[in-house]
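What follows is the residue order along each chain.
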Amino acid sequence: MAPETTAIENRLLLLKIRFAEKTTTQLTALLAALASKQGARVTATEVEDLYQLLHRLSGSAGTFGYHQLGQQAMLLADTIKPTTHATTPTTTPIVDADFLYSLQQLLLLLQQNDTPSAPEVTHPQAAIKNKTQILIIGQELSQLVTALTPYGFTINHCEQPITNCNQCWHYADIIIAPAHQLTTTVAWNNTQAQQHQQQAADILCIGTQDTFSARYALASKGAKGLFTLPVDIAKLAERIEQIGQERRTAYTSKILLLDDDQELAEHYRLVLTAAGKDVKVMHSPEHLLTVLSEFSPDIVLLDVHIPPYSGITLARMIRFEPKWLSLPIVYLSSEQDRDQQIMALAQGADDFITKPISDQQLVNSVHALCYRARTLAKLLSCDSLTGLLNHSHIKQALDHEYARIQRYGHSTTIAILDLDHFKQVNDQHGHAAGDLVIKAFAHLLKQRLRYTDHIGRYGGEEFVAVLPNCDLTQAQPMFNAVCRHFSRLSFHGRKGEFNVTVSIGLAQLNHFPLAEHALKAADQALYQRKHQGRNGVTCFTPKDAN
Ligand SMILES: Nc1nc2c(ncn2[C@@H]2O[C@H](COP(=O)(O)OP(=O)(O)OP(=O)(O)O)[C@@H](O)[C@H]2O)c(=O)[nH]1
């Protein structure tokens, strides 16, 4: 088992022990207080406190392995629930021996599980790689290795048939295999993924037949795509990029979790972090709006009861801000009553995760919710041809990064990239071929830049990239490599095979009093590059300002 997995399991075990200790203390104190009132009515406040404790246990005990305790707590909470909102003490229940006995049973259930075992981390940390990892199978596909290399994917090639080939295992997002080897590839992929505790790769097939029945047969065996010979490399690269993006999205989602139960929130945080999510936990909501702005989560998981606050009111309050109207809010609640859940959803949240929830279910639900949220956000913010940020969103990203460097003072580079003589490309090879060039360039950028960089299509054949924590001396060689690799890509058009080059202007954002000035400076550098012979990178220097 990986050392980090053991470390997480140990921390989960400590949380389980802490949960048991804290619950024992709370139940013991409650029993002592109630025993002294036996035969008398309890006050409305005492019932409310008792209900809150039982309700919380019903949602959290299962997570720490005390399933029976959780179920019993839920039954007991239900017996006192109808009176929880009573205002007069006359409607509160009388403490009787049966009730005290039931509470004592909860303590016993806690003690019965007094040799806690470490909860299992169900999703080990996935390899979060910036570059999409590809495994190409079979000697017959060796040409693909050369053709795909300039895009910046990390490529491994296994020339032998894959059966029984253990040495060939490398973490891969995507396997490209001959269609006739799909069955063995799927079996090998699943076995290896299980053995190495990693997510299985997605499989793309290369075949000779593109008929309905051939496609159906491949899909039924689990393939994610079919490309026929001779392979259109730009289209294959686009599909690879899409799959890589989907997989990265799933593992890099940002989750804001607001739950006042500290052990439970920490447990969720550990489990989701182990599954590769970026999780921020808050135990009270006073700074919620500031944290939302700074952290910019993909989804918010919101406990419904955060005394003295109500999660439902908080969800409504978040929606006061137009920018959070589309932010998915998911209630985390022990509420089992479907009518209550629907009523809560009507108040401004999007979904419900009912506690107790197993670690695996939590990871799977959050995974699906984040994927949906990211896909929707992407549709709103991305350019449809390239999948890069559209004009207004790359400008927003630029402003956001500018605000961040004001606060943290790090170096950030802005780049404007413009394809050379693109009019000629369209004129000679047709607009469709031009579109493919634009897409291929976008995929190359996504592979060559870091996941944290922002890349947008600024217009036509012009692109903008913003690279946080990167100064000109680091950015220039990286963009030189982009120019080099792009010029090596071959395209097919009306007049045969052709290549395209790109010119790039760079400026350092933190050298300027306004983001807009940096953008103009990068544009000026690009203009110079176009006059210096294109196909390369020029940095803005202060003397260029004159
Ligand atoms: N295929 C295609 N072409 C586009 C798209 N958007 C803009 N263009 C074309 O890109 C070309 C840009 O041409 P110009 O601005 O003259 O520049 P250029 O030919 O690239 O010359 P330099 O920038 O000086 O190297 C125009 O012909 C536009 O029609 C698009 O989405 N698809």
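Worth saying up front: this structure is predicted, and the values here are computed from it rather than measured.

K.L.:
Is there a simple way to explain the site of the ligand in this structure?
P.N.:
Around the ligand sit 16 residues in total, of which His421, Phe422, Asn426, Asp435 and Arg457 are the nearest. A distance of 3.2 Å separates an oxygen atom of the ligand from a polar atom in the backbone of Leu419. Within the complex, 67% of the 670 Å² of free accessible area of the ligand lies under protein. Of all elements in the fold, only β13 (412–419), α15 (422–429) and α16 (431–448) reach the threshold of two or more residues within the shell around the ligand. Per element, the largest residue contribution to the shell around the ligand is four residues, and it comes from α16.

K.L.:
Where do I start with the packing of α16 against helix α17 (residues 472–488) in this structure?
P.N.:
The angle between the axes and the distance between the axes are what describe a pair of packed helices. Contact geometry of α16 with α17 gives a least axis separation of 11 Å together with a crossing angle of 140 degrees. In this structure, the crossing between α16 and α17 has a hand that is right-handed. Of the residues in α17, those in contact with Val437, Phe441, Leu444, Leu445 and Arg448 of α16 are Met478, Val482, His485 and Phe486. Broken down by class, the residue content of the contact of α16 with α17 amounts to seven nonpolar, one polar and one charged.

K.L.:
Can you help me understand the pairing of strand β18 (residues 502–508) in this one?
P.N.:
Burial runs high along β18: seven of the seven residues are buried. As paired strands, β13 and β18 are joined by seven bridges and run antiparallel to one another. When the sheet's bridge partners are listed, Leu417 is paired in β18 with Ile504. As paired strands, β18 and strand β19 (residues 536–539) are joined by four bridges and run parallel to one another. Directly across from Ile504, in β19, lies its bridge partner Val537.

K.L.:
For this particular structure, what's the right way to read the sheet that holds strand β2 (residues 154–158)?
P.N.:
Strands belonging to one sheet form pairs held by backbone hydrogen bonds; the direction of such a pair is parallel or antiparallel. In spatial order, the strands read β2-β1-β3-β4-β5; together these five strands make up an open sheet with parallel pairing. Of all the strands in the sheet, the pair left with one neighbour each is β2 and β5 (225–228). Each neighbouring strand pair of the sheet contributes to a mean axis angle of 20 degrees, computed without reference to strand direction. Two elements, strand β4 (residues 202–207) and β5, share four bridges in a ladder whose sense is parallel. Its bridge partner lying in β5, Ile206 is registered against Phe227.

K.L.:
Would you mind going over the packing of aromatic side chains with me for this structure?
P.N.:
Here a ring pair, both rings aromatic, is described through the centre-centre distance and the interplanar angle of the planes. Across all of its chains, the model carries ten aromatic pairs by this definition. Ring geometry for Phe441 and Phe463: centres 5.0 Å apart, planes at 70 degrees, overall edge-to-face. With Phe441 in helix α16 and Phe463 in strand β15 (residues 462–468), this pair connects stretches of sequence that are 22 residues apart. No difference in accessibility class separates Phe441 from Phe463, as the two residues are buried. Judged by centre distance (5.7 Å) and plane angle (35 degrees), the ring pair of Phe491 and Phe498 falls under tilted. Phe491 sits in the buried class, given a relative accessible area of 3%. Residue Phe498 is classed as buried on the basis of its relative accessible area of 7%. Joined through ring pairs, the aromatic side chains of Phe441, Phe463, Phe486, Phe491 and Phe498 make up one cluster. The positively charged end of Lys16 is found above the aromatic ring belonging to Tyr66, 5.4 Å away from the centroid.

K.L.:
What's the story with the pattern of salt bridges in this structure? I'm lost.
P.N.:
Where side chains of opposite charge bring their charged atoms close, a pairing between them can arise. Within this structure, the stated rule accounts for 20 salt bridges. Residue Asp350 is joined to Arg319 by a salt bridge in which the shortest nitrogen-to-oxygen separation is 2.9 Å. Remark: Arg319 occurs in the loop between α11 (311–318) and β11 (329–333) and Asp350 occurs in the loop between α12 (338–345) and β12 (351–354); sequence separation between them is 31 residues. Note on Asp350: relative accessible area 42%, which makes it partly exposed. Residue Arg319 is classed as buried on the basis of its relative accessible area, which comes to 16%.

K.L.:
Before we go on, may I ask you to explain the UniProt feature "modified residue: 4-aspartylphosphate" (unreviewed entry) in the chain in this structure?
P.N.:
Under the UniProt annotation, the feature "modified residue: 4-aspartylphosphate" (unreviewed entry) is placed at Asp303. Apart from residues no more than four positions distant in its own chain, Asp303 is found in contact with Leu258, Asp259, Asp260, Gly311, Leu332 and Lys355.

K.L.:
Quick question: what am I supposed to make of the environment of Lys323 here?
P.N.:
Along the chain, the position of Lys323 falls in the loop between α11 and β11. Residue class for Lys323 comes out exposed when judged on its relative accessible area of 51%. A polar contact of 3.4 Å, which involves the side chain of Lys323, links it to the side chain of Ser293.

K.L.:
Please explain unusual backbone geometry as it appears in this structure.
P.N.:
Peptide bonds are, in most cases, trans, and in most cases residues other than glycine have a negative phi. With omega at -5 degrees, the peptide bond leading from Leu229 into Pro230 counts as cis. Mapped onto the elements, Pro230 comes out in the loop between β5 and α8 (233–252). Cis rather than trans, the peptide bond between Pro307 and Pro308 has omega equal to 5 degrees. Its place among the elements puts Pro308 in the loop between β9 (305–306) and β10 (309–310). Backbone geometry at Asn469 places phi at a positive 55 degrees, although glycine is not the residue there. Looking at the element boundaries, Asn469 is found in the loop between β15 and α17.

K.L.:
Any chance you could explain the sheet that holds strand β6 (residues 254–258) here in plain terms?
P.N.:
One open sheet accounts for five strands, arranged β7-β6-β8-β11-β12; its pairing is parallel. Because the sheet does not close on itself, it has two edges, and the strands there are β7 (278–282) and β12. In this sheet, adjacent strand axes meet at a mean angle of 20 degrees when their direction is disregarded. Along the sheet face, helix α9 (residues 262–274) touches β6, β7, β8 (299–303) and β11 and points at about 170 degrees away from the line of β7.

K.L.:
Hey, could you run me through the pairing of strand β3 (residues 174–178) in this one?
P.N.:
A regular strand carries its side chains on alternate faces of the sheet. With five of its five residues buried, β3 lies for the most part within the structure. As paired elements, strand β1 (residues 133–137) and β3 share three bridges and run parallel to each other. Residue pairing across strands places Ile136 opposite Ile176, the latter belonging to β3. Of the strand pairs in this sheet, β3 and β4 are connected by five bridges, and their pairing is parallel. The residue of β4 that forms the bridge with Ile175 is Ile203.

Each value, and the rule that gives it
- Residues numbered from 1 in each chain as written.
- Predicted model: local features only at pLDDT ≥ 70, side-chain atom pairs only at ≥ 80, totals over all residues.
- Heavy atoms only, no water.
- Near = heavy atom within 4 Å.
- Polar contact = N/O pair within 3.5 Å; in protein donor to acceptor, adjacent residues only side chain to side chain.
- Areas by Shrake-Rupley, 256 points an atom, 1.4 Å probe, with all protein chains shown as cover.
- Helix = DSSP H or I, 4+ residues; strand = E, 2+ residues; numbered from the N terminus.
- Axes fitted to C-alpha atoms, helices over the stretch in contact; angles between N-to-C directions.
- Left-handed = near helix turned anticlockwise from the far one by under 90°.
- Contact = heavy atoms within 4.5 Å.
- Nonpolar A, V, L, I, M, F, W, Y, C, P; charged D, E, K, R; others polar.
- Buried < 20%, exposed > 50% of the residue type's maximum accessible area, 1.4 Å probe, protein only.
- Pairing = 2+ DSSP bridges.
- Phe/Tyr/Trp six-rings, centres within 6.5 Å; stacked < 30°, edge-to-face > 60°.
- Lys NZ or Arg CZ within 6 Å of the ring centre and 35° of its normal.
- Salt bridge = Lys/Arg side-chain N within 4 Å of Asp/Glu carboxyl O.
- UniProt positions renumbered as here; feature names shortened; annotations may be inferred.

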